[in-house]
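# Breakdown of the fold
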Amino acid sequence: FRSFTANPDTVNGYEVEKWTVGGSVIPNHTSTTYRLSNIDGNKNVTVTFKKKFDVTFSVGYGQGGSLKCTYNGTHETSGMQTIHVWEGDSVEFTAEPDAANGWEVQSWMVDSVIEPGHTSENYTLSNVTGPKTVTVIFKKKTYTVTFSVANGEGKLNGVYGSQNNTAENSHGEMTLTNVPHGTQVPFTATPKYGWEVEGWTASAGTLSGGGTGTTATLKVTDNATVTVKFKKITTVNGGDGAWKLLKKVVEIADDKAIITINGTIQATNDADNSGEITFGTLANKLTIQSGSPAGVLDANGKSRIFKVEGGKTLTLKNLTLQNGAVPNPPYGSRGGGGGILVDGSTVRMTNCTIKDCKAGEQSTVGGAIRIEGAGAKVYIAGGEISGNRANRGGGISISGGKLYINTDDNGDPNDSSTQTNITNNLVADNGYGYRGDGGAIYSDSNSELKLHNTKISQCGSKTSRNPSTTQGGGLYIEGGTAVLTSVEISHGIFETISGGWYQSVRGGAIYSEN
């Protein structure tokens with residue numbers, strides 16, 4: 001045998017590439033020694049030297065994923081690693097971003113120089129002719145978040161960094177740009193007065209909060225569209241400012257809307273938190289009903305409660321209306337309807353109470369309800385009219401309209417045992433030729449009055465005038481039509497206070513001019 005030793009110029013980076021015997025390469029033999037055995041003739045032994053270079057590869061900033069190298073096997077790192085590469089060879093690299101957490105390749109660098117336009121996950125280092133450093137840099141993906149008001153009236157604000165944008169109902173979409181993956185983007189919805197949040201949607205990412213609340217937060221994981229929908233408020237709860245809110249809710253209500261009152265809503269001296277409640281332009285028919293706790297509308301003496309005009313229809317269910325008031329009208333004119341004024345329109349009441357309402361003391365009619373104008377109709381089923389005051393018609397006054405109590409729409413008695421109580425409603429002579437007539441109900445000419453299953457008690461007149469005149473402690477019927485079935489009238493009141501006295505009292509229960 002014969003031993004050989006190779007001495008590569010390691011100072012200049014040379015190493016043994018291969019050994020060749022008789023023109024054949026010795027497989028996998030790159031050491032610096034070689035032993036030739038079983039020599040049976042002339043042999044030609046050759047060693048080949050070749051340069052090898054260090055190739056160092058790493059993940060920039062040590063975040064966002066890992067880097068895989070393929071050369072004489074596979075090497076993977078998320079930090080830094082070095083391999084030795086023969087001169088002229090190529091090395092394959094594969095970047096593996098942490099896609100689940102939103103990372104992607106931003107750039108590749110060779111010897112700290114960025115490879116222009118190269119953002120794919122694969123990179124080839126070709127024809128290695130010296131030491132090289134390869135670095136892949138990952139970045140968080142960035143997205144565009146678009147947001148808008150999808151329905152209703154209000155605003156939607158979104159914030160990211162210095163971007164602070166607001167979308168408003170019909171004014172289109174707004175955007176937040178270059179939002180990194182995983183960013184929490186806050187949104188604030190501001191409904192227009194009388195509106196509330198109906199719901200939120202997000203096309204991508206995770207939306208927390210939201211629901212029917214005014215705030216939501218989007219965790220961004222892709223391009224996304226966020227929308228909020230507003231709807232008109234249809235439930236009003238008692239509390240500060242509730243009267244103002246109810247006025248707005250009724251004003252903007254859609255046709256045939258149903259509005260629910262929970263608890264006591266009271267008018268106050270606060271700005272706009274008082275005043276009569278009227279229809280807006282959208283609704284011809286509205287229903288206002290009691291919720292829980294029981295619905296009470298307390299005008300607190302600031303104004304009447306409802307004014308219904310223009311051919312509208314208002315349906316009231318299971319409510320209490322109290323402390324409505326209208327002042328004395330100007331001299332020579334009339335006013336009325338301390339609780340409700342129905343002018344050429346329709347009101348339907350089921351199991352409602354109107355109490356302690358007042359229509360001034362001079363030329364006023366209808367302490368609780370004033371019905372006037374062509375086509376005016378009021379239908380009452382059950383409930384109570386009590387403790388109301390006016391110059392005429394302490395409870396209800398009708399002029400040219402219809403009042404049907406516990407009947408069908410044709411005025412025929414209904415089949416139920418529902419009873420309406422009209423009690424403790426009073427009128428007073430104003431001393432200026434306007435007598436105190438109709439303690440419970442005053443019905444003048446061209447009016448239609450149909451009462452069924454109604455109990456009228458403790459209604460009449462109380463006056464301080466001297467002299468004073470009163471007619472019809474229960475009903476005063478000046479003309480028109482009056483049909484009464486199963487109606488009880490009792491305990492009429494004709495009292496004087498502060499030195500007043502009656503010159504004339506007629507009709508303790510009913511007075512009719514017919």
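Here the residue numbers are simple positions, counted from 1 along each chain's written sequence. Local features are withheld for residues below a pLDDT of 70 in this predicted model, meaning they are given only at 70 or higher, and side-chain atom pairs are given and counted only at 80 or more; totals for whole chains, interfaces and linings count all residues. Computation of side-chain values covers all heavy atoms of the structure but excludes hydrogens and water.

### A look at the environment of T364
With respect to the helices and strands, the residue T364 is situated in strand β38 (residues 364–365). C-alpha separation for the pair T364 and I261, spaced 103 residues apart in sequence, amounts to 29 Å. Runs of H or I in DSSP of at least four residues are treated as helices and runs of E of at least two as strands, each being numbered from the N terminus.

### Overview of the nonpolar core
Core analysis: the largest hydrophobic core is formed by 55 residues, its most contacted members being F306, L316, I340, I369, L403 and I441. Element by element, the count of residues in this core is highest for helix α1 (residues 242–252), at six residues. Every residue pair with non-hydrogen atoms within 4.5 Å of one another is taken to be in contact. For I441, the contacting residues outside a window of four places in its chain are G393, I396, I398, L403, I422, L449, L451, G474, L475 and Y476. In plain words, nonpolar cores are sets of buried Ala, Val, Leu, Ile, Met, Phe, Trp, Tyr and Cys residues tied together by side-chain atoms within 4.5 Å. For the exposure calls, accessible area comes from a 1.4 Å probe over protein chains only, and a residue counts as buried if that area is under 20% of its type's maximum, exposed if over 50%, partly exposed in between.

### Concerning the pairing of strand β43 (residues 396–399)
What you see with β43 is no split at all: I396 and I398 on one side and S397 and S399 on the other are buried throughout. In this scheme, strands are said to pair when DSSP sees at least two bridges between them. Note: strand β39 (residues 369–372) against β43, four bridges, orientation parallel. The partner of I369 across the bridge, within β43, is I396. When β43 meets strand β48 (residues 441–443), the two strands line up parallel, connected through three bridges. What sits directly across from I398, in β48, is S443.

### Notes on the sheet that holds strand β7 (residues 74–77)
Strand order in the open sheet made by the four strands is β7-β6-β9-β12, with antiparallel pairing throughout. What marks the edges here is a single partner per strand, and that holds for β7 and β12 (122–125). On average, each strand axis in the sheet is inclined to that of its neighbour by 20°, with strand direction left out of account. Here strand β6 (residues 65–70) runs beside β7; their pairing, made up of four bridges, is antiparallel. Note on β7: the bridge partner recorded for L67 is T77. Interaxial angle, 0 to 180 degrees, is taken between N-to-C directions of lines fitted to C-alpha atoms, where a helix line uses only the stretch in contact.

### Details of the sheet that holds strand β17 (residues 174–180)
Read across the open sheet, the four strands follow the order β17-β14-β22-β19; overall the sheet is mixed. Each of the sheet's edge strands pairs with one partner strand only, and the pair in question is β17 and β19 (195–202). Each strand of the sheet is rotated relative to its neighbour by a mean of 20°, with strand direction disregarded. Two elements, strand β14 (residues 142–151) and β17, share five bridges in a ladder whose sense is antiparallel. Counted as the bridge partner of Y143 is V179 from β17.

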